[in-house]
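Spelled out, the chains give:
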Amino acid sequence: MKHIFIVNPYAGRLNFANNLRDQLEQIEGLEYYLFNSRYSGNETELAEKMTNFFPDEKIRIYACGGSGTFRNVLQGVGENPNVELAFYPCGQTNDFLKVFKEEDQWRFFDIEELIDGEVLVLDSMLTNHGRAMNTVSCGLDAGVLSLIEKQHPVRTMGIQLPYFVHVLQSWFCMRKNSYRVRADGLNFDGFYDEIVVGNGSWLGGSLCMPKGFYPNDGAEGYILAPSKGKFAFIRLLANLQSQDDRFVSEHARVGQCKKMILAKDDKGEMVVNLDGEMIRASGEWTIELRPDSVQFVVPRGVTLE
C-alpha cells in the first residue's frame, strides 16, 4: 500500500513538516509520498490528484494538520472505496478525535501507530457546499472564523489569546437571525443564535454535543439554540461545556435526522463552519448524512467511546 502524507506546514509547530519527514525516513520499507500544502484549500487539490493518480490501487492518505486540514483532505477524497483516510493531528483543535476514549486519543499522535493502523468504517456529512466529518454550524463559532479571516492574528501573540478575543467580539456582535429549518421534513423555523449539526461529538474544542450521538449510527445530531438574549446564550454554552445534557435539552431543540435544510428567511448569505473551514454562500444549505462513507484509520484496538 502507498502512504501519502498531506501536510499543512502552518498548523501547530513551525518545524512540524521537517520533523515528520525525518520520522518517515527512519521507517524501513515504507513507500510514501509527502506533500506540503501551499495555501488554504490546497490540501483538497492534492488529495484529488493522488486519488486520480492511483485510480485502481488501495492507498492511505494522511491529513497532517488541524480540523480544517482534515476536512479539506476529506473533501478531496470524497467517498472513494480505494482510499483509507488517516488524521495525524497537529492543529489548535482536533475535535473529531474526541469521539474516541481519552486514553486512546493520544495514540493518534504516534505516526507509527497510524501507519500500522486498521480501518474503522464511519459516517460523514455532505452539504451542497462541501463535506464535513465532525460538525456543520452557523452562529457564534462561524462569526469567530469570520473575524479570524479579517484580522489574521500573528503567531507571536500565540493562539489562545487572539481566539478568546475573537469569541468576545463575535458574542458582542451577534445579531438575531430568522432561519428556515427542516429536519427530515419537520419544520423548526425560528430565531436561532447557533445551529449545530454534528457527526462527531465536540465543537470548537470545548463544547460537547449531547451524549448518544456517534459517527457510525446512521444519523446526524443537531442542536438549535433559540435566540433568548446574549446572557442566556452564554449560559447554554457553559452547559454544553460542562456536558449538562438535561439543561441543554430543556433550553434548545436537540435531536437526530438524516437530512437538514437551512436558510435565512431572506435567503441571504450564511457564514457556515465546516470542521473549522469557513464557507460563505446564499440560499439553502442541505446537510445530509452519508452512512459508511469513510474508511477511517485508527491505531490497532481503538474503538469509539
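Residues numbered from 1 in each chain as written. Predicted model: local features only at pLDDT ≥ 70, side-chain atom pairs only at ≥ 80, totals over all residues. Heavy atoms only, no water.

A.B. asks: Just checking my understanding: could you explain the overall build of the protein for this structure?
C.D. replies: If you tally the helices and strands in the protein, you get nine helices and 18 strands. Of all 305 residues assigned to the protein, the portion counted as buried reaches 52%. Taking all contacts inside the protein whose residues are at least 6 apart in sequence as the whole, residues at least 24 apart take part in 75%. Within the structure as shown, the protein displays about 14300 Å² of accessible surface, and the carbon and sulfur contribution to it stands at 50%. (Helix = DSSP H or I, 4+ residues; strand = E, 2+ residues; numbered from the N terminus. Buried < 20%, exposed > 50% of the residue type's maximum accessible area, 1.4 Å probe, protein only. Contact = heavy atoms within 4.5 Å. Areas by Shrake-Rupley, 256 points an atom, 1.4 Å probe, with all protein chains shown as cover.)

A.B. asks: What am I meant to see in empty space enclosed by the protein here?
C.D. replies: Space left empty within the atom packing is revealed by a probe, the size of a water molecule, rolled over the atoms. The tally for this structure, following the rule as stated, stands at two cavities of 30 Å³ or more. In this structure, the largest cavity occupies an estimated 50 Å³ of space. Together, Val 136, Ser 137, Cys 138, Ile 195, Val 197, Leu 262, Met 270, Val 272, Trp 285 and Ile 287 line the largest cavity. The set of elements that each furnish at least two residues to the lining of the largest cavity consists of strand S7 (135-139), strand S10 (190-198), strand S16 (270-274) and strand S18 (285-298). By residue number, the principal contributor to the lining of the largest cavity is S7, which donates three residues. Of the residues that constitute the lining of the largest cavity, the class distribution is nine nonpolar, one polar and no charged. Of the voids in this model, the second largest cavity is the one considered here, and its volume is about 30 Å³. Lining the second largest cavity are Ser 67, Phe 70, Phe 87, Phe 96, Asn 134 and Asp 275. By residue class, the composition of the lining of the second largest cavity is three nonpolar, two polar and one charged. (1 Å grid on protein atoms, 1.4 Å probe; cavity = no way out; pocket = protein on both sides within 12 Å on 5 of 7 lines; lining within 4 Å. Points joined across faces, edges and corners; volume = space filled by probe spheres on them. Nonpolar A, V, L, I, M, F, W, Y, C, P; charged D, E, K, R; others polar.)

A.B. asks: Looking at this model, I keep getting lost on the confidence of the model for the protein. Mind explaining?
C.D. replies: Any segment with low pLDDT has predicted coordinates that should not be analysed in fine detail. This prediction gives the protein a mean pLDDT of 88; 87% of its residues lie at or above 70. For residues 153-159, every residue scores under 50 in pLDDT, and the model assigns this stretch nine contacts once sequence neighbours within four places are set aside. (pLDDT = per-residue confidence, 0-100.)

A.B. asks: I would appreciate a short explanation of the side chain of Arg 71 in the present structure.
C.D. replies: Within the secondary structure layout, Arg 71 lies in helix H3 (residues 67-77). Among buried Asp, Glu, Lys and Arg side chains, Arg 71 stands out as unpaired, with Glu 277 the closest opposite charge at 5.3 Å. With residues up to four places along the chain from it excluded, the contact list for Arg 71 reads Gly 130, Arg 131, Ala 132, Leu 274, Asp 275 and Glu 277. (Lys, Arg positive; Asp, Glu negative; His and termini not counted. Salt bridge = Lys/Arg side-chain N within 4 Å of Asp/Glu carboxyl O.)

A.B. asks: Explain the pattern of salt bridges here, please?
C.D. replies: When charged atoms on two side chains of opposite charge get close, those side chains can pair. A full pass over the atoms with the stated rule returns 13 salt bridges. In this structure, Arg 60 engages Glu 84 in a salt bridge whose closest nitrogen and oxygen atoms are separated by 2.7 Å. Residue Arg 60 is located in strand S3 (residues 59-65), and its partner Glu 84 is located in strand S4 (residues 83-89); the two are separated by 24 residues in the primary sequence. Under the relative-accessibility criterion, Arg 60 is labelled buried at 5%. Ionic contacts of the salt-bridge type, sharing partners, join the residues Lys 2, Glu 31 and Glu 57 into one network.

A.B. asks: It is not clear to me how helix H8 (residues 230-241) should be interpreted in this structure. Could you clarify?
C.D. replies: Residues separated by three or four positions in an α-helix point in the same direction, a consequence of the helix having 3.6 residues per turn. If you check H8, its first and last C-alpha atoms are 17 Å apart, about what 12 residues at 1.5 Å a residue would give, namely 16 Å. Of the positions making up H8, those classed as buried are Phe 233, Leu 236, Leu 237, Asn 239 and Leu 240. All buried residues of H8 project into a common sector of 160 degrees when viewed along the axis, lining one side. Across from the buried face of H8, at angles greater than 90 degrees, the exposed residues are Phe 231 and Arg 235. (Expected span 1.5 Å × (residues − 1). Arc of directions from axis to C-beta.)

A.B. asks: How should I be thinking about the nonpolar core in this particular structure?
C.D. replies: Across soluble globular proteins, nonpolar side chains show a tendency to be buried alongside one another. Core analysis: the biggest nonpolar cluster contains 46 residues, and Phe 5, Leu 20, Leu 24, Ile 61, Phe 100, Ile 111 and Phe 296 have the highest contact counts within it. Counting only elements with at least two residues in this core, the list comes to strand S1 (2-7), helix H1 (16-25), helix H2 (42-53), S3, H3, S4, helix H5 (111-115) and S18. Beyond its immediate chain neighbours, meaning those up to four positions away, Ile 111 contacts Phe 5, Leu 20, Gln 23, Leu 24, Tyr 62 and Tyr 88. Counting 22 residues, the second-largest nonpolar core is a separate cluster that includes Ile 195, Cys 257, Leu 274 and Trp 285. (Core = buried A, V, L, I, M, F, W, Y, C linked by side-chain atoms within 4.5 Å.)

A.B. asks: Can you walk me through the environment of Tyr 192 in this structure?
C.D. replies: Checked against the element boundaries, Tyr 192 lands in strand S10. Classification of Tyr 192 as buried rests on a relative accessible area of 4%. For the pair Tyr 192 and Gly 139, spaced 53 residues apart in the sequence, the C-alpha separation amounts to 8.0 Å. Sequence-distant contacts of Tyr 192, defined by excluding residues within four places in its chain, comprise Asn 177, Tyr 179, Val 181, Leu 224, Ala 225, Pro 226, Ser 227 and Arg 253.

A.B. asks: Whenever I open this one, the pairing of strand S5 (residues 118-127) confuses me. Can you help?
C.D. replies: When a strand is regular, its side chains alternate between the sheet's two faces. Summarising the sheet, S5 and S18 pair through nine bridges and their orientation is antiparallel. In the strand pairing of S18, Ser 124 is matched with Arg 290. Inspection of the sheet shows S5 paired to strand S6 (residues 130-132) by three bridges, in the antiparallel sense. By the bridge assignment, Met 125 is partnered in S6 with Ala 132. Between the antiparallel neighbours S5 and S6 lie two residues. (Pairing = 2+ DSSP bridges.)

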